[in-house]
Amino acid sequence: MEKIASFQVDHTKFGVGMYISRVDGDIVTYDVRMVKPNGGVYVSNPSLHTIEHLFATFARNSRFKDSIIYVGPMGCRTGFYLITRDDMSGADAIALVREAYSFIADYNDAIPGCTAVECGNYLEHDLDSAKKDVLPLLKVLENYNEEMLDYAYHMSRN
Ligand SMILES: [Zn+2]
């Protein structure tokens, strides 16, 4: 089988940030990278799960809700996939993640969808860790722009 596009990006060349993974017609997939790939520190599964619930809830209630296709965790536990329609610009995607992660950092309420009826593993959550784990990406996104969404931008600098 052919190696899929996302495995062809050199994962040793970039760190925490947001990147366009692929564009399929009018659908854009972003890699929302919260820790450095193969950096030895990964987001724990309970934290990733809590961030998933809060990130998805925030995105689907935001001003961009009609453009959100999917929000979900990476199996490598280094971040999230955000899939949008292309009527949402790269700057919009950066703004959304910044707002969603700020929302999570300050969240002190019941985790949405956290019951046996609504979730497949509702006991496996960790809000305290989630609130801390969103901070490194939030910091990086303070000074982020559309140009930096391109993996090539980072390949040439590292
Ligand atoms: Zn769940």
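Provided above is the structure to which this section pertains.
Bear in mind that the values here come from a model prediction, so they are computed numbers and not experimental data.

J.: An account of the coordination of the zinc ion is requested, with residue identities and associated values reported.
T.: Protein coordination of the zinc ion is provided by His49 (NE2), His53 (NE2) and Cys119 (SG), with donor distances spanning 2.0 to 2.3 Å. The sequence pattern formed by the donor residues of the zinc ion is H-x3-H-x65-C. Remark: Cys119 occurs in the loop between α2 (90–105) and α3 (127–133) and His53 occurs in helix α1 (residues 45–59); sequence separation between them is 66 residues. Grouping residues by exposure puts His53 and Cys119 together as buried.

J.: An account of a negative patch on the surface is requested, with residue identities and associated values reported.
T.: Together, Asp26, Asp66, Asp86 and Asp87 make up a region of like negative charge exposed at the surface. What makes Asp26 partly exposed here is its relative accessible area of 41%.

J.: Explain the environment of Phe14 to me, using residue names and the numbers behind them.
T.: By secondary structure assignment, the location of Phe14 is in the segment before β1 (17–24). Residue class for Phe14 comes out buried when judged on its relative accessible area of 3%. On a C-alpha basis, the gap between Phe14 and Asp86 in space is 24 Å, while along the polypeptide they are 72 residues apart. Apart from residues no more than four positions distant in its own chain, Phe14 is found in contact with Val9, Tyr19, Arg33, Lys36, Pro37, Tyr151, His154 and Met155.

J.: Summarise the nonpolar core; cite the residues concerned and give the values.
T.: Counting residues in hydrophobic clusters, the biggest one holds 43 residues, and the most contacted among them are Met18, Ile51, Phe55, Phe80, Leu82, Val97 and Tyr101. The greatest single-element share of this core, amounting to 8 residues, is contributed by α2. Those residues in contact with Val97, other than ones at most four positions away along the chain, are Met18, Val32, Phe55, Leu82, Leu137 and Leu141.

J.: So, the environment of Leu127: which residues are in play, and what are the values?
T.: If you trace the backbone, Leu127 turns up in helix α3. Along the backbone, Leu127 and Arg60 are 67 residues apart, and their C-alpha atoms lie at a distance of 20 Å. Other than its neighbours up to four places away in sequence, Leu127 contacts Thr50, Leu54, Tyr107, Asp109 and Ile111.

Reading guide: rules and limits
- Residues numbered from 1 in each chain as written.
- Predicted model: local features only at pLDDT ≥ 70, side-chain atom pairs only at ≥ 80, totals over all residues.
- Heavy atoms only, no water.
- Donors = N, O, S within 2.8 Å, 3.2 Å for Na, K, Ca; no water.
- Helix = DSSP H or I, 4+ residues; strand = E, 2+ residues; numbered from the N terminus.
- Buried < 20%, exposed > 50% of the residue type's maximum accessible area, 1.4 Å probe, protein only.
- Patch = residues over 30% accessible without salt bridge, like charges linked within 9 Å, V, L, I, M, F, W, Y side chains within 5 Å.
- Areas by Shrake-Rupley, 256 points an atom, 1.4 Å probe, with all protein chains shown as cover.
- Salt bridge = Lys/Arg side-chain N within 4 Å of Asp/Glu carboxyl O.
- Lys, Arg positive; Asp, Glu negative; His and termini not counted.
- Charge placed at Lys NZ, Arg CZ, Asp CG, Glu CD.
- Contact = heavy atoms within 4.5 Å.
- Core = buried A, V, L, I, M, F, W, Y, C linked by side-chain atoms within 4.5 Å.

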